[in-house]
Amino acid sequence: MSMKEAYEKKLQAQLDECAAEIDKLKAKADKAEANAQIEYYKQIEELKSQQAAVDGKLAELKEASEDAWEDLKSGVESAWDSLGSAIKSAASRFK
């Protein structure tokens, strides 16, 4: 397995974990009071948007050649860091 393939698999596993975390947050939002639900659902939509951006970056990475994927890696990691921070922030507000 190449470094690129290993990185893709690692990132996909992390995206799957994020999707599960977003689903947990949505379940909490579903149980919240009506006025809190509006804010929670807004945050969840933002998380899903960021998740889609990371997913798009991963798709670009998968399409890149072995030589070019390193150039895309920093963009993927930046998008990933933003998503991870946003999920942690939302999770702390959902408690």
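On a predicted model such as this, the values are computed, not experimentally measured, just so you know. (Residues numbered from 1 in each chain as written. Predicted model: local features only at pLDDT ≥ 70, side-chain atom pairs only at ≥ 80, totals over all residues. Heavy atoms only, no water.)

(A) Geometry of the packing of aromatic side chains. What the rule picks out here adds up to 2 aromatic pairs. Between the aromatic rings of Tyr7 and Trp69, the centroid separation amounts to 5.6 Å while the plane-to-plane angle is 40°, which identifies the pairing as tilted. In this pair, Tyr7 sits in helix α1 (residues 3-31) while Trp69 sits in helix α3 (residues 69-93), placing the two residues 62 residues apart along the sequence. The same class applies to Tyr7 as to Trp69, namely buried. (Phe/Tyr/Trp six-rings, centres within 6.5 Å; stacked < 30°, edge-to-face > 60°. Helix = DSSP H or I, 4+ residues; strand = E, 2+ residues; numbered from the N terminus. Buried < 20%, exposed > 50% of the residue type's maximum accessible area, 1.4 Å probe, protein only.)

(B) A look at the side chain of Gln51. Mapped onto the elements of the fold, Gln51 is located in helix α2 (residues 34-63). Once you skip the residues sitting within four places of it in the chain, Gln51 turns out to touch Leu15, Ala19, Ile22 and Leu83. (Contact = heavy atoms within 4.5 Å.)

(C) Up close: the pattern of salt bridges. Counted according to the given criterion, the structure contains 3 salt bridges. A salt bridge links Lys26 to Asp30; the shortest N-O distance between them is 3.4 Å. In this pair, Lys26 and Asp30 are both assigned in helix α1, 4 residues apart and thus about one turn of the helix distant. Under the relative-accessibility criterion, Asp30 is labelled partly exposed at 40%. (Salt bridge = Lys/Arg side-chain N within 4 Å of Asp/Glu carboxyl O.)

Keep in mind these numbers describe shape, not what the thing actually does.
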